[in-house]
Amino acid sequence: MLQSLTNLAHKAKAKVLGIIPDDFIIIEKPVFAVNERLSAAISGDSFVHIFYEGCVYKFRSRFREKVPIDNIVCIDFPVEFDAQQLRNTRE
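All values derive from a computational prediction rather than experimental measurement.

Student: Give a description of the overall build of the protein chain that names residues and reports values.
Tutor: Along its length, the protein chain carries 0 helices and 10 strands. Ordering the α and β elements of the protein chain from the N terminus gives β-β-β-β-β-β-β-β-β-β. The burial tally for the protein chain puts 30% of its 91 residues in the buried class. For the protein chain, restricting intrachain contacts to residue pairs at least 6 apart in sequence, the fraction spanning at least 24 positions comes to 47%. Within the structure as shown, the protein chain displays about 6800 Å² of accessible surface, and the carbon and sulfur contribution to it stands at 50%.

Student: How would you sum up the pattern of salt bridges? Please name residues and give values.
Tutor: All told, the structure shown has 1 salt bridge when counted by the stated rule. Across the salt bridge formed by Asp 45 and Arg 62, the nearest N and O atoms sit 3.1 Å from each other. With Asp 45 in strand E7 (residues 45-52) and Arg 62 in strand E8 (residues 55-66), the pair connects residues that are 17 residues apart, well separated along the chain. Take Arg 62: its relative accessible area is 44%, and that puts it in the partly exposed class.

Student: Mind laying out the confidence of the model for the protein chain, listing which residues take part and the relevant values?
Tutor: Of the residues in the protein chain, 82% reach a pLDDT of 70 or more, and the chain-wide mean stands at 81. Taking the mean pLDDT of every element in the protein chain, the minimum, 69, falls on strand E6 (residues 39-41) and the maximum, 90, on strand E10 (residues 82-85).

Student: Quick one: what's the story with the side chain of Ser 4, residue by residue and with numbers?
Tutor: You can see Ser 4 is positioned in strand E1 (residues 2-4). Accessibility expressed as a relative area gives 4% for Ser 4, which makes it buried. When neighbours within four sequence positions are excluded, Ser 4 is seen to be in contact with His 10, Phe 32, Asp 45 and Ser 46.

Student: Tell me about unusual backbone geometry, residues and numbers included.
Tutor: Unusually for a residue other than glycine, Asp 22 sits at a positive phi of about 65°. Turning to its location among the elements, Asp 22 is positioned in the loop between strand E3 (15-20) and strand E4 (24-28). The phi dihedral of Glu 53 is positive, around 50°, even though this residue is not glycine. With respect to the helices and strands, the residue Glu 53 is situated in the loop between E7 and E8.

Student: Lay out the nonpolar core with the relevant residues and their values.
Tutor: Nonpolar side chains tend to gather and get buried jointly when the protein is soluble and globular. Core analysis: the largest hydrophobic core is formed by 11 residues, namely Leu 2, Ala 12, Ile 25, Ile 27, Phe 32, Val 48, Ile 50, Phe 59, Phe 63, Val 73 and Ile 75. At the level of secondary structure, the elements contributing two or more residues to this core comprise E4, E7, E8 and strand E9 (72-76). Those residues within four positions of Ile 27 in sequence are excluded, and the remaining contacts are Leu 2, Ala 14, Lys 15, Val 16, Leu 17, Phe 63, Asn 71, Ile 72, Val 73 and Ile 75.

The rules behind these values
Residues numbered from 1 in each chain as written. Predicted model: local features only at pLDDT ≥ 70, side-chain atom pairs only at ≥ 80, totals over all residues. Heavy atoms only, no water. Helix = DSSP H or I, 4+ residues; strand = E, 2+ residues; numbered from the N terminus. Buried < 20%, exposed > 50% of the residue type's maximum accessible area, 1.4 Å probe, protein only. Contact = heavy atoms within 4.5 Å. Areas by Shrake-Rupley, 256 points an atom, 1.4 Å probe, with all protein chains shown as cover. Salt bridge = Lys/Arg side-chain N within 4 Å of Asp/Glu carboxyl O. pLDDT = per-residue confidence, 0-100. Core = buried A, V, L, I, M, F, W, Y, C linked by side-chain atoms within 4.5 Å.

Laid out in structure tokens, this is it:
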């Protein structure tokens, strides 16, 4: 999930397509749905929540660039992040 830092009402669900550690994260469909008929393009700084292997990673990031493919953008890889384990890893 992405949330705009300039307007906290703007939130978007996005899919992570790939990560280059210490460089950037590639995400798909980075559009804030304001309501059923209105959406806003994502730009600037955002608060990001990524669910991966039973953990939620939370961090701030900036949109780096738009890739020539529709609905794909790169965001900066976080320098710092908070991680919260949601699943029990005991077997």
